[in-house]
Structure formats: C-alpha cells, structure tokens
Amino acid sequence: MKFRALCMLTLALATLCFAQEPPAEQPAAAKDNTWKLSINANGLLSLNTYSNNWTGGEAGSVSWAARLDAEAEKQLKAKLNTRNTLKLAFGQTKVQDADSKKWSAFEKSTDQIDIETMWRITLKGKVDPYAAVRYESQFLDLSDSMRDRYGNPINLTETVGGAARLVEKTRTTWLARLGAGARQLIDRDRLQEDLTRETDVTYDGGLEFLTELK
C-alpha cells in the first residue's frame, strides 16, 4: 500500500510539473500588428533534343528560368498599412542549328527586378488613400554591344492615389488602385555619339492603374 501510494504521489507531482496552461487568446489588435509574409520560389528546366537517327530536320533547345515572389505586409497602426513586394526572375535559352546540329550559346530570355513599397491609409471605406514607390530594372542589360551593364536601366516611379480592395477573404484578395505619378528612367553609362559614356535621366509623369488578384 505504501509503495502504491508513493507511485501515485510521484505521478501526480510529475503531472503538475509538466502541465502547462494553454496560451491566452491574443487580442484582435495584436494579431493585426504581426507581419504577414508570403514567399513563392520556383524553377523550370526544359530540354528538347533529337538523336542522329532522326532525319526530320528538327532542332533541339534548352531553356531554364528561376523566379522568386515575396511579400511582407503589416498593419503599422490602426489606420496605416504597409506592403512590400519583391519579384525577381531570370532565365536563358540555347538552340541547336537544324543543319549543323551545333548548339548556340545561352541567350537571355527572362530578366526582371521589381521592388515596391506601398503605404495605405485604412479608413475602412471603399477607397483608401495610398502612396507607393516602385523600382524596376533587370539583372543584365545587353542593349550595348560594347559593354554588359548590370542592374540597368532603372525605372523609378512614385505614385499617390486611391486603392480599393474589391475582394478580401481568407484565400482570395483583389486589390485595384488608380493614381497619378512621376517617373524617372535612368540609363547608366550610355554610349554617346562621340563614343563617351554618360548617364541619361528622363523625367515624365502620368496616370497609373494597377489591379492584382491573388
């Protein structure tokens, strides 16, 4: 009896030591203040080739592409929301000559750098005021036969306007926005007629309409 009582007492003490209270439910305001992160990365490789026994005259090809889409959104304050998006993509393709069956060098087929930060004043109405800054470029600029330029050209856009969430559900969001903006197109080390190189900057403005369904 003493041994059984001792075992029951030991089991009770162990249960009290390891038992933990369930975490308290966070208020709705605290949940809204957390970062909402989304990352999607994918790659594609395609190979098409023919053996020497094939006499149809077709040519093979090889292509690859990699893409990364990331998004970070947070409700900074009760009426201020920020969203940051990153889109990167790069890919190359090489083809085979139909007659000689020789393969060419890889050539760029996909190239994208797209970074944007948007601030939105959440008024809980149909349309919210917003301001955004967008950076667009490419990894490799091959437009100049005499020099390869990286991260060129640069397209900077600043916009202000109104944004509306047409659909906002757990798995579906549809955002549309319309605004006025200014744009700067920066072409670095551009070859001039006198064979010198300068950075050209072009300024313009206009209206921007963007819709995104996720």
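Up top you'll find the structure we're talking about.
Notes on the structure in this doc start here.

About the criteria used
- Residues numbered from 1 in each chain as written.
- Predicted model: local features only at pLDDT ≥ 70, side-chain atom pairs only at ≥ 80, totals over all residues.
- Heavy atoms only, no water.
- Core = buried A, V, L, I, M, F, W, Y, C linked by side-chain atoms within 4.5 Å.
- Buried < 20%, exposed > 50% of the residue type's maximum accessible area, 1.4 Å probe, protein only.
- Contact = heavy atoms within 4.5 Å.
- Pairing = 2+ DSSP bridges.
- Helix = DSSP H or I, 4+ residues; strand = E, 2+ residues; numbered from the N terminus.
- Axes fitted to C-alpha atoms, helices over the stretch in contact; angles between N-to-C directions.

Describing the nonpolar core
Met118, Tyr130, Ala132, Ala163 and Leu175 form the largest nonpolar core, which has five residues in total. In this view, Tyr130 contacts Met118, Trp119, Arg120, Thr159, Val160, Gly161, Gly162, Ala163, Arg177, Leu178, Gly179 and Glu208; residues no more than four positions away in its chain are not counted.

Some remarks on the sheet that holds strand E3 (residues 80–95)
Strand order across the open sheet formed by eight strands is E1-E2-E3-E4-E5-E8-E9-E10, with antiparallel pairing between neighbours. Among the strands making up the open sheet, the edge pair consists of strand E1 (36–48) and strand E10 (197–213). On average, adjacent strands in this sheet sit at an angle of 15° to one another, irrespective of strand direction. Bridging between strand E2 (residues 61–77) and E3 involves 16 bridges; their strand directions are antiparallel. Counted as the bridge partner of Trp64 is Gln92 from E3.

Things to note about the environment of Met118
Position of Met118 relative to the elements: it lies in strand E4 (residues 107–120). In the structure, Met118 is positioned 45 residues away from Glu73 in sequence and 9.5 Å away in space, judged by C-alpha atoms. In contact with Met118, not counting residues within four places along its chain, are Asn81, Thr82, Arg83, Tyr130, Ala131, Ala132, Leu175 and Arg177.

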